[in-house]
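Observations on the model geometry
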Amino acid sequence: MSFRFCFFVFLGCLLLVPEATIAQETKRASIVVEGARRVCETDENFVCATLDWWPHDKCNYDQCPWGYSSVINMDLTRPLLTKAIQAFKPLRIRIGGSLQDQVTYDVGNLKTPCRPFQKMNSGLFGFSKGCLHMKRWDELNSFLTATGAVVTFGLNALNGRHKLRGKAWGGSWNHINTQDFINYTVSKGYVIDSWEFGNELSGSGVGASVSAELYGKDLIVLKDVINTVYKNSRLHKPILVAPGGFYEQQWYTKLLQISGPGVVDVVTHHIYNLGSGNDPALVKKIMDPSYLSQVSKTFKDVNQTIQEHGRWASPWVGESGGAYNSGGRHVSDTFIDSFWYLDQLGMSARYNTKVYCRQTLVGGFYGLLEKGTFVPNPDYYSALLWHRLMGKGVLAVRTDGPPQLRVYAHCSKGRAGVTLLLINLSNQSDFTVSVSNGVKVVLNAESRKKKSLLDTLKRPFSWIGSKASDGYLNREEYHLTPENGVLRSKTMILNGKSLKPTATGDIPSLEPVLRGVNSPLNVLPLSMSFIVLPNFDASACS
């Protein structure tokens, strides 16, 4: 069996590579973490997941992967769903999506019947307008309160407008139904962290578009509504988020200029940089470091636009599922997607993104949780580990390793030191890594003999360690690999143990390996690792 054939099969097929197939090469890499200064900071709750509005009959490419997983029809009584959210303590949840600009709220003087979404060829995205009953809104808030979620709710920005030509919509936004809905929300004491205005209406739009001039003026109106409704309330006043669309520099600039200082608190944009969910090149894109890096320009440009025209606002990724149209089957819900997802979290944070919302928590192929069962997919555990380990402070990092070794560094969360995220896209090289703060070497690399891939996966871990009175003797390591070496496995392995709900239906504990702080650090081929360095001298993290 040739190496070229083995490599292709390993990346593209659900096949376990025989142990003797790939000879493993160990390379050395040096990492310098500049710990004297934070290059930027994320929000405390950087990791975010979305709940969408799609009905069960939303389909793409002859697949209908949504089931009953939407805001309107999802079973909120399932214990595993509750526990999956509670594990984050807390998880930020954004409620919104393509159909949000067709949602009316069954409150106040609603002049149309409150009916569910129905398939309609002439409707936006093939569906009619839909309606949110206040009974369902009460149920959602009871659920969100029980889980401790931090809530962003996306509001309808097309209400009252009319279609002009093509995708363009004009006319004034009718804020009455929205104001009645916000009034109801406040009267019930429901806590909303942020109200978001519109979904994918920016620039040329997706299903519809609104000019930046109209959008900016309507944001001023909405800000006034929020200020008025919350003026005499004991509730914390939510921030205003917009526009929740795809970044176009001229449109975003105009929006900030028209709305003016202090109106928009957060500028959101969406990322689907892997293309369509049925693209046969999805796996190739995910495993290509040069392709993954291309989207950094978008993060950089969004941040620059805000710095130049709206310094009062912060950038968020309001929605990102990798592949659009419900994600990629047997890709977005498997281990391999975490190469893309964790790289996105690291890269976006490096460019001053404060929050990153994953499409979706449940629904489509890109759900963190499987629809119906709510069993976590691999990306769920990647998100949970990031949330627990990576702090707000983002540090600059340099490496002499090849492009396949991707490195990110943050101040550790809730404790001293630094946490590294190491992503190894190479299928044949493991890396022995040395880490330095530019002055002092914290970890030294040590050469090893070549071993096969499965030999490395079977390498025993050291679990013994404790904190000494004069400092930390150990570091924590969290090594993520696919079950049986199959990249498109739906089971993630953490330090040799499968991550699955327990027999009692709980989220499994995510236990590290403890290794001596001076022992060599090894990164497996086709793996991701979080490394917690408690004794790393980083003044920016003190």
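Given the structure is predicted, the values throughout are model-derived calculations rather than measurements.

The rules we used
- Residues numbered from 1 in each chain as written.
- Predicted model: local features only at pLDDT ≥ 70, side-chain atom pairs only at ≥ 80, totals over all residues.
- Heavy atoms only, no water.
- Disulfide = S-S within 2.5 Å.
- Helix = DSSP H or I, 4+ residues; strand = E, 2+ residues; numbered from the N terminus.
- Buried < 20%, exposed > 50% of the residue type's maximum accessible area, 1.4 Å probe, protein only.
- Core = buried A, V, L, I, M, F, W, Y, C linked by side-chain atoms within 4.5 Å.
- Contact = heavy atoms within 4.5 Å.
- Pairing = 2+ DSSP bridges.
- Salt bridge = Lys/Arg side-chain N within 4 Å of Asp/Glu carboxyl O.
- Phe/Tyr/Trp six-rings, centres within 6.5 Å; stacked < 30°, edge-to-face > 60°.
- pLDDT = per-residue confidence, 0-100.
- Patch = residues over 30% accessible without salt bridge, like charges linked within 9 Å, V, L, I, M, F, W, Y side chains within 5 Å.
- Areas by Shrake-Rupley, 256 points an atom, 1.4 Å probe, with all protein chains shown as cover.
- Axes fitted to C-alpha atoms, helices over the stretch in contact; angles between N-to-C directions.
- Expected span 1.5 Å × (residues − 1).

Things to note about the state of the cysteines
A complete count under the given rule lists 4 disulfides for this structure. Disulfide pairing is shown between C48 and C357; the S-S distance is 2.1 Å. In this structure the cystine formed by C48 and C357 twists about its S-S bond by roughly 85°; its chirality is therefore right-handed. You can see C48 sitting in strand 2 (residues 47-51) and its partner C357 sitting in strand 16 (residues 355-358), a full 309 residues away along the chain. Each member of the pair, C48 as well as C357, carries the same accessibility label: buried. Paired through a disulfide, C411 and C541 show a sulfur-sulfur distance of 2.0 Å. Since a negative S-S torsion denotes a left-handed disulfide, the C411-C541 link at about -80° is left-handed. Of the two residues, C411 sits in strand 18 (residues 405-412) while C541 sits in the segment after strand 29 (527-533), which places them 130 residues apart along the sequence. Exposure class is identical for C411 and C541. Each is buried. When the cysteines of the chain that form disulfides are numbered from the N-terminus onward, they connect as 1-6, 2-3, 4-5, 7-8.

Points about the nonpolar core
Grouped together as the largest cluster of nonpolar side chains are 128 residues, with contacts concentrated most on W137 and F339. Ignoring sequence-local partners within four residues, the contact set of F339 consists of I286, M287, I423, N424, L425, L487, L526, S527 and M528. If you look at the next biggest cluster of nonpolar residues, it comprises 22 residues, including I31, A409, V418 and V433.

Examining the pairing of strand 6 (residues 150-155)
Within strand 6, 6 of the 6 residues are buried, leaving the element largely enclosed by the surrounding structure. The two faces of strand 6 match: V150, T152 and G154 on one face and V151, F153 and L155 on the other face are all buried. Taken together, the 4 bridges between strand 3 (residues 92-95) and strand 6 define a ladder with parallel strand orientation. Counted as the bridge partner of I93 is V151 from strand 6.

With respect to the pattern of salt bridges
Under the criterion given, the structure shown has 20 salt bridges. Where D333 meets K490, a salt bridge forms, and the shortest distance between an N and an O atom there is 3.2 Å. Taken together, the residues D333 in the loop between strand 15 (323-324) and helix 10 (337-350) and K490 in the loop between strand 24 (474-482) and strand 25 (492-494) connect sequence positions 157 residues apart. Residues participating in the shared-partner salt-bridge network are D43, R92 and D193.

Regarding the packing of aromatic side chains
What the rule picks out here adds up to 25 aromatic pairs. Both rings, one in W54 and one in F125, keep their centres 6.2 Å apart while their planes meet at 90°; by these two values the pair is edge-to-face. Of the two residues, W54 sits in the loop between strand 2 and helix 2 (79-86) while F125 sits in the loop between strand 4 (103-106) and strand 5 (130-133), which places them 71 residues apart along the sequence. Among the residues examined, W54 registers a relative accessible area of 4% and is labelled buried. Their ring planes at 55° and their centres at 5.9 Å tell us that W54 and F127 sit as a pair that is tilted. You can see W54 sitting in the loop between strand 2 and helix 2 and its partner F127 sitting in the loop between strand 4 and strand 5, a full 73 residues away along the chain.

A look at the confidence of the model for the chain
In this model, the chain carries a mean pLDDT of 91, and residues with pLDDT of at least 70 account for 90%. Between residues 1-21, whose pLDDT stays under 50, and residues either more than four places distant or in other chains, the model counts 31 contacts. Below pLDDT 50 for its whole length, residues 447-470 participates in 54 contacts with residues either more than four positions away or in separate chains.

What to know about a nonpolar patch on the surface
Together, F125, V206 and F246 make up a nonpolar patch on the protein surface, roughly 210 Å² of accessible area in all. By secondary structure assignment, the location of F246 is in the loop between strand 11 (239-245) and helix 6 (249-259).

Observations concerning the sheet that holds strand 2
With respect to topology, 8 strands assemble into a closed barrel ordered 2-3-6-9-11-12-14-16, the strand pairing being parallel. On average, each strand axis in the sheet is inclined to that of its neighbour by 25°, with strand direction left out of account. Its contacts with the sheet place helix 4 (residues 176-187) against strand 6 and strand 9 (194-197), and it is angled at close to 160° to strand 6.

Observations concerning helix 11 (residues 378-389)
Turn by turn, an α-helix covers 3.6 residues, leaving residues three or four places apart pointing in a common direction. Look at helix 11: 17 Å from first C-alpha to last across 12 residues, which is about the 16 Å you get at 1.5 Å a residue. Counting buried positions along helix 11 yields 11 of 12 residues, so the element is predominantly enclosed. Taken together, the buried positions of helix 11 are P378, D379, Y380, Y381, S382, A383, L384, L385, W386, H387 and L389.

A closer look at unusual backbone geometry
In this structure, the amide linkage connecting K89 to the following residue, P90, adopts the cis form with an omega of 5°. Relative to the helices and strands, P90 resides in the loop between helix 2 and strand 3. In this structure, P243 follows A242 across a cis peptide bond, with omega equal to 0°. Its location among the elements puts P243 in strand 11. Despite not being glycine, D62 shows a phi value in the positive range, around 65°. With respect to the element layout, D62 can be found in the loop between strand 2 and helix 2. For D62, a relative accessible area of 80% gives the class exposed. Phi angles above zero are rare outside glycine, and N325 is one such case at about 60°. If you trace the backbone, N325 turns up in the loop between strand 15 and helix 10.

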